[in-house]
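Here is how the chains run, residue by residue.
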Amino acid sequence: MSWDRVPHFATSFPYVSLVDSRGLAPQELLAFLLLLQRGLVMAWDRLRKKGGAWPSTGIALAFGLLAVAVGVAALTAFNFKVAVLASLIFCFALGRGWLLAQYIRERELKMFENVVLWVLVVVLALGYFQFIGDAYGLSQSWTQLLPQYNSSTGAYPFPRVQSFSLEPLYLGHWMFLPLGILLTRYWRTRKASIFEQVLLVLALALFLLTLSRGAIAGLGLAVLVLIAVGRAWRPLLFLVRTGVLTLLVVAGMLLLASAQHNARLAETAPSATAPDASSPSSAPSTPVGEPVKPGVVGSFTGHAMDVNDPSAQTRYELWPATVDIIKEHLFTGVGFNNARLLLHDGTSTSSPAEANALQPVNNDYLTFLSELGLVGVLLALPLLWLILRALWGVVRTRLDHPSSPYAFALVGMAVEANFFQSFSLLRTWVVIGLLIAGARLVREQQARSRRTDDLAQTVVLNPALEETAILNLGSAGSKTA
């Protein structure tokens, strides 16, 4: 979630911002340092043989090779300054993902899920306040909707909610995480409290009200994967009931916005004059040749189904040009955050601020290939293997896996990545890190179970070792306490 509504320090010391991919948030930097401190303590304890642990070589190598790819691309970048700054921000997010994958514990993973749900409550409160407040004409200073997304100055006669995020697309991208937690939690336990059921319906409705078509497509595919992997009938009834309630909430919100929109039009319309005797009707008529503008519901459904609107056309124009960049810079790419410069005739001396003001590719896969090249693809394969192995673990256990919520979120994010720029977002790498962390926790639990079984078999085969084994287990328990 992007905290761009909170005052930040982008223009004064310490020169940090609270907006994803545009700066480092102080609270995120603090969390990064705390996780790093935990890793150093565990390594020191391992060195002193006091039960600590070294970092996993495989996990560190998978994340580290991707950082190397970013550095190689920066050395051959079209604009070195832009590439270096973007690479530093990306490597911060990448490092956070590695620390989570390596050092998060099961208790913290469960606590994180609960924290996300309570944050969702706050996000929903502001999101619905934005929609209802805008529908009733509340000023932008109260709703905090950007001009292009409110109903009075935006492109549509209804608001597109942002809540705390930078824009509706970012809100939909973040909401994959709480939706994954709520849905997979029900799929695993077959039960949900009234609070969780209401929260799920309101979250799904707000997700649809963002009108982010890429995110909606991602949600649809993620739900289909959830059904296929879960392979159970009872949750399907819960999903259908939740879907019907969600559509009713969305319809109610749109009808409310439509009624308020029509009331404002009636108030601002010129007063009707006395009808002329020769006039066949006193009803106002639409000028000849002027198309009738659709209402709120028509605009909402029209934009949701229109894949040739100006927003989509921008992507269709940029994607072929990006393919040409890939062909010209096939091996090491043009450097991080440099594709937009080449697409819009930027220069090698453009500042990072000037580069960020340009339209991005809005496709993570094309962006990755154009900016990191084949070298980046090859060096990213170990990390891709860890992700796929974690996803396979979720499939094998039918969602009875600690990585299930993050697998759901990642599937949705991967679909939205076809129309969205999310590769440098911190939450993308938090989800990846937690996905791999869940798989690591399962492997560690299985290793402990095998050690326990081996010890039990040894005691059975050699009763003389029983007393020693009990003493060893008691000693280990006291150290853990």
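Residues numbered from 1 in each chain as written. Predicted model: local features only at pLDDT ≥ 70, side-chain atom pairs only at ≥ 80, totals over all residues. Heavy atoms only, no water.

## Here we look at the overall build of the protein
Within the protein, the secondary structure is distributed over 17 helices and 0 strands. Once local pairs closer than 6 in sequence are excluded, the contacts in the protein between residues at least 24 apart make up 76%. For the protein, the accessible surface area stands at approximately 24,900 Å², while carbon and sulfur atoms represent 66% of it. (Helix = DSSP H or I, 4+ residues; strand = E, 2+ residues; numbered from the N terminus. Contact = heavy atoms within 4.5 Å. Areas by Shrake-Rupley, 256 points an atom, 1.4 Å probe, with all protein chains shown as cover.)

## Some points on the side chain of Glu 416
Its location among the elements puts Glu 416 in helix H15 (residues 404–416). When near neighbours in sequence (up to four residues on either side) are disregarded, Glu 416 contacts Leu 169, Gly 172, His 173, Phe 176, Ser 212, Gly 214 and Ala 215.

## Here we look at empty space enclosed by the protein
Summed over all chains, the structure comprises 2 cavities of 30 Å³ or more. Within this model, the largest cavity holds a volume of roughly 40 Å³. Across the lining of the largest cavity, the residue classes tally to 5 nonpolar, 1 polar and 2 charged. Leu 386, Arg 389, Ala 390, Ile 436, Ala 439 and Arg 443 together form the lining of the second largest cavity. (1 Å grid on protein atoms, 1.4 Å probe; cavity = no way out; pocket = protein on both sides within 12 Å on 5 of 7 lines; lining within 4 Å. Points joined across faces, edges and corners; volume = space filled by probe spheres on them. Nonpolar A, V, L, I, M, F, W, Y, C, P; charged D, E, K, R; others polar.)

## Section: the pattern of salt bridges
Any two side chains of opposite charge can pair if their charged atoms end up close together. Under the definition given, this model contains 6 salt bridges. Salt-bridge contacts for Glu 106 lead to Lys 110; the nearest nitrogen and oxygen are separated by 3.9 Å. Of the two residues, Glu 106 and Lys 110 are both situated in helix H4 (residues 106–135); the distance of 4 residues between them amounts to about one turn of the helix. In this structure, the salt-bridge partner of Glu 113 is Arg 185, at a minimum N-O distance of 3.2 Å. Of this pair, Glu 113 sits in helix H4 while Arg 185 sits in helix H6 (residues 168–189), and the two are 72 residues apart along the sequence. (Salt bridge = Lys/Arg side-chain N within 4 Å of Asp/Glu carboxyl O.)

## Let's talk about the packing of helix H11 (residues 310–328) against helix H14 (residues 364–396)
Where H11 contacts H14, the axes come no closer than 8 Å and their chain directions differ by 30°. Looking at the two axes, H11 sits roughly parallel to H14. Crossing of H11 against H14: the hand is left-handed. Two secondary-structure elements touch here, H11 through Trp 319, Thr 322, Val 323, Ile 325 and Ile 326 and H14 through Leu 366, Leu 369 and Ser 370. Looking at side-chain class alone, the contact of H11 with H14 contains 6 nonpolar, 2 polar and no charged residues. (Axes fitted to C-alpha atoms, helices over the stretch in contact; angles between N-to-C directions. Parallel < 35°, antiparallel > 145°, perpendicular 65-115°, else oblique. Left-handed = near helix turned anticlockwise from the far one by under 90°.)

## Comments concerning the UniProt feature "transmembrane region" (unreviewed entry) in the protein
Those residues carrying the UniProt feature "transmembrane region" (unreviewed entry) are residues 59–78, 84–103, 115–133, 169–187, 199–230, 236–257, 372–392 and 419–442 in this numbering. Helix makes up 100% of residues 236–257 and strand 0%. Its end C-alpha atoms lie 31 Å apart. Secondary structure content for residues 372–392 is 100% helix and 0% strand, while the C-alpha to C-alpha distance between its ends is 27 Å. (UniProt positions renumbered as here; feature names shortened; annotations may be inferred.)

## Here we look at a nonpolar patch on the surface
On the surface, Leu 29, Leu 33, Leu 36 and Leu 40 cluster together to form a nonpolar patch covering roughly 330 Å² of accessible area. Looking at the secondary structure, you find Leu 33 in helix H1 (residues 26–47). Exposure remark for Leu 33: the relative accessible area of 46% places this residue in the partly exposed category. (Patch = residues over 30% accessible without salt bridge, like charges linked within 9 Å, V, L, I, M, F, W, Y side chains within 5 Å. Buried < 20%, exposed > 50% of the residue type's maximum accessible area, 1.4 Å probe, protein only.)

## Re unusual backbone geometry
Even without being a glycine, Leu 211 presents a positive backbone phi close to 55°. Relative to the helices and strands, Leu 211 is located in the loop between helix H7 (194–209) and helix H8 (213–230). Of the residues examined, Leu 211 reaches a relative accessible area of 1% and is grouped as buried. Of note in the backbone geometry, Asn 362 takes a positive phi value of approximately 60° without being a glycine. Locating Asn 362 in the fold gives a position in the loop between helix H13 (352–356) and H14.

## Considering the packing of helix H2 (residues 57–75) against H14
Between two packed helices, what matters for the description is the angle formed by their axes and the separation of those axes. Viewed as axis vectors pointing N to C, H2 and H14 meet at an angle of 175°, and their least axial separation amounts to 8 Å. Judged by the angle between their axes, H2 and H14 are roughly antiparallel. Along its contact with H2, which presents Gly 58, Ile 59, Ala 62, Phe 63, Leu 65, Leu 66, Val 68, Ala 69, Val 70, Val 72 and Ala 73, the element H14 presents Phe 368, Glu 371, Leu 372, Val 375, Gly 376, Leu 379, Ala 380, Pro 382, Leu 383 and Leu 386. Grouping the constituent residues of the contact of H2 with H14 by class yields 18 nonpolar, 2 polar and 1 charged.

## Observations concerning H8
Between its terminal C-alpha atoms H8 stretches 25 Å, which fits the 26 Å expected from 18 residues at 1.5 Å a residue. Within the sequence span of H8, burial applies to Gly 214, Ala 215, Gly 218, Leu 219, Ala 222, Val 223, Leu 226, Val 229 and Gly 230. With its buried residues spanning 170° around the axis, H8 presents them on a single face. Looking at H8, the residues exposed on the side facing more than 90 degrees away from the buried face are Leu 224 and Ala 228. Where H8 is buried, its residues touch H6, H7, helix H9 (234–268), H14 and H15. In the segment just after H8, Arg 231 is the residue with positive phi, at about 50°. (Expected span 1.5 Å × (residues − 1). Arc of directions from axis to C-beta.)

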